[in-house]
Amino acid sequence: LEDFAKVLHNNVVDEVVFIVPRSWLDRIQDSIHLCEIEGIRVSIAVDFFELKLAQASQTDTYGFPLLSFDSAPTKFWHLLVKRAADFSLSGSALILGFIPLVILALLIKAGSPGPALFAQVRCGINGRKFKLYKFRTMFEGSEKKLPGLLDKNEMKGPAFKMKADPRITAIGRFLRKSSLDELPQLWNVFIGDMSLVGPRPPLPGEVKQYDNWHRRRLSMRPGITCLWQIRGRNRITNFDEWMRLDLEYIDNWSLWLDAKILMLTIPVVIFGIGAK
């Protein structure tokens, strides 16, 4: 470093690259400044941390340079196309399916007392809470009976799944088997709480029981369908396996993957594969 200026002045130098440990950053400050005032491009290796998932990138906030590490998709234009597709497809589906939705709502109300729609607080991207809407498939007040059924949980982990849940109404079983109970979530997609494709939005109580690595599934907008739905749904009883599928989706996300999952979801819904 003592000879740095001499090296610059006695040689043709187009670019200087510093590959030093973090503890050396203060030592190279003067050398970086010299490159700056002499108009020579300077770069610093940023592998200061042993990262297993995140990718490093240079960003800035109001002109202040930052070194950012992302372990979720960040391609702005791709994400913008995803959101535009969510908005247009969900909006079209809500308009075209208005009459069938009304008919289903009337059947639900005729089958048992209570509202046709069921609203429940769920966790969205980065833990944002929102109200998720579904067609009601249980008798009114069924949430209060959940503690008495926890010993019958078929899932190994925070989520609750039970094949012969006594709280489900007759029409509710049909709605769940056909996945028609999920249709009101098109409104959640339309307003931006959810996406057509993404990890399923969990309950806040489930998130509190997450291991640290589980929480990365919250780094992407939740969706109506994802890899879990097309690879077995409720036949996958191991919670960690479910979480790994969500992280596999996040790590490999692309617009093509979303399109592929949507296409594969159609036969899964039609034939009720893995539904309970």
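Just so it is clear, the model here is predicted, and its values are computed rather than measured.

**Here we look at the overall build of the protein**
Summing up its helical and strand segments, the protein has 10 helices and eight strands in all. For the protein, the C-alpha radius of gyration of 26 Å lies well beyond 19 Å, the compact-globule estimate for 276 residues. Counting across all 276 residues of the protein, residues that qualify as buried make up 39%. Contacts in the protein between residues at least 24 apart in sequence constitute 65% of all its contacts with a sequence separation of at least 6. Within the structure as shown, the protein displays about 16,700 Å² of accessible surface, and the carbon and sulfur contribution to it stands at 60%. Between the mean site of the 37 positive side-chain charges and the mean site of the 29 negative ones, the protein shows a separation of 15 Å.

**Details of the packing of aromatic side chains**
Summed over all chains, the structure comprises seven aromatic pairs. Aromatic side chains Phe76 and Trp77 sit 5.2 Å apart centroid to centroid with 80° between the ring planes, which places their arrangement in the edge-to-face category. Accessibility assignment for this pair places Phe76 and Trp77 in one class, exposed. An aromatic cluster is present here, built from Tyr210, Trp228, Phe239 and Trp242 joined pairwise through their rings. Here the basic side chain of Arg27 rests over the ring of Trp24, its NZ or CZ set 4.5 Å away from the ring centre.

**As for the packing of helix 3 (residues 76-96) against helix 4 (residues 98-111)**
Packing of helix 3 against helix 4 brings their axes to within 4 Å, and their N-to-C directions diverge by 65°. Contact with helix 3, carried on its side by Leu94, Ile95 and Leu96, involves Phe98, Pro100 and Leu101 of helix 4 and no other residues of that element. When grouped by side-chain class, the residues that make up the contact of helix 3 with helix 4 number six nonpolar, no polar and no charged.

**What about the pattern of salt bridges?**
For the structure shown, the criterion picks out seven salt bridges. Across the pair Asp258 and Lys82 runs a salt bridge whose closest N-O atoms are separated by 2.5 Å. With Asp258 in helix 10 (residues 255-270) and Lys82 in helix 3, this residue pair connects regions lying 176 residues apart in the sequence. Comparing Asp258 with Lys82, the two get one shared label, buried.

**Re the environment of Val7**
If you trace the backbone, Val7 turns up in helix 1 (residues 4-10). Sequence spacing of Val7 and Leu257 is 250 residues, and the spatial spacing of their C-alpha atoms is 51 Å.

**Description of the environment of Ser90**
Assignment of secondary structure puts Ser90 in helix 3. On the accessibility criterion, Ser90 (0% relative accessible area) is buried. When the C-alpha atoms of Ser90 and Lys52 are compared, they prove to be 36 Å apart, with 38 residues separating the residues in sequence. The residues contacting Ser90, other than those within four sequence positions of it, are Ala85, Leu186, Val189 and Phe190.

**Comments concerning the side chain of Thr137**
In this fold, Thr137 is placed in the loop between strand 6 (129-135) and helix 5 (170-178). Given the relative accessible area of 6%, Thr137 is considered buried. Residues in contact with Thr137, not counting those within four places in the same chain, are Arg167, Ile168, Thr169, Gly172, Leu175, Arg176 and Asp181.

**With respect to empty space enclosed by the protein**
Within the structure shown, the criterion is met by one cavity of 30 Å³ or more. What lines the largest cavity is simply Cys123, Gly124, Ile125, Pro199, Arg200, Pro201, Pro202, Arg217, Leu218, Met220 and Pro222. When its residues are assigned to classes, the lining of the largest cavity shows eight nonpolar, one polar and two charged.

**A closer look at the pairing of strand 3 (residues 55-61)**
Two strands pair when backbone bridges link them, and strand 3 and strand 4 (residues 64-70) are joined in this way by seven bridges, in the antiparallel orientation. In the sheet register, Gln58 faces strand 4, and the bridge partner there is Leu67. Hairpin connection from strand 3 to strand 4: two residues lie between these consecutive antiparallel strands, with Tyr62 at a positive phi of about 50°.

Each value, and the rule that gives it
Residues numbered from 1 in each chain as written. Predicted model: local features only at pLDDT ≥ 70, side-chain atom pairs only at ≥ 80, totals over all residues. Heavy atoms only, no water. Helix = DSSP H or I, 4+ residues; strand = E, 2+ residues; numbered from the N terminus. Rg over C-alpha atoms; globule rule 2.2 N^0.38 Å. Buried < 20%, exposed > 50% of the residue type's maximum accessible area, 1.4 Å probe, protein only. Contact = heavy atoms within 4.5 Å. Areas by Shrake-Rupley, 256 points an atom, 1.4 Å probe, with all protein chains shown as cover. Lys, Arg positive; Asp, Glu negative; His and termini not counted. Charge placed at Lys NZ, Arg CZ, Asp CG, Glu CD. Phe/Tyr/Trp six-rings, centres within 6.5 Å; stacked < 30°, edge-to-face > 60°. Lys NZ or Arg CZ within 6 Å of the ring centre and 35° of its normal. Axes fitted to C-alpha atoms, helices over the stretch in contact; angles between N-to-C directions. Nonpolar A, V, L, I, M, F, W, Y, C, P; charged D, E, K, R; others polar. Salt bridge = Lys/Arg side-chain N within 4 Å of Asp/Glu carboxyl O. 1 Å grid on protein atoms, 1.4 Å probe; cavity = no way out; pocket = protein on both sides within 12 Å on 5 of 7 lines; lining within 4 Å. Points joined across faces, edges and corners; volume = space filled by probe spheres on them. Pairing = 2+ DSSP bridges.

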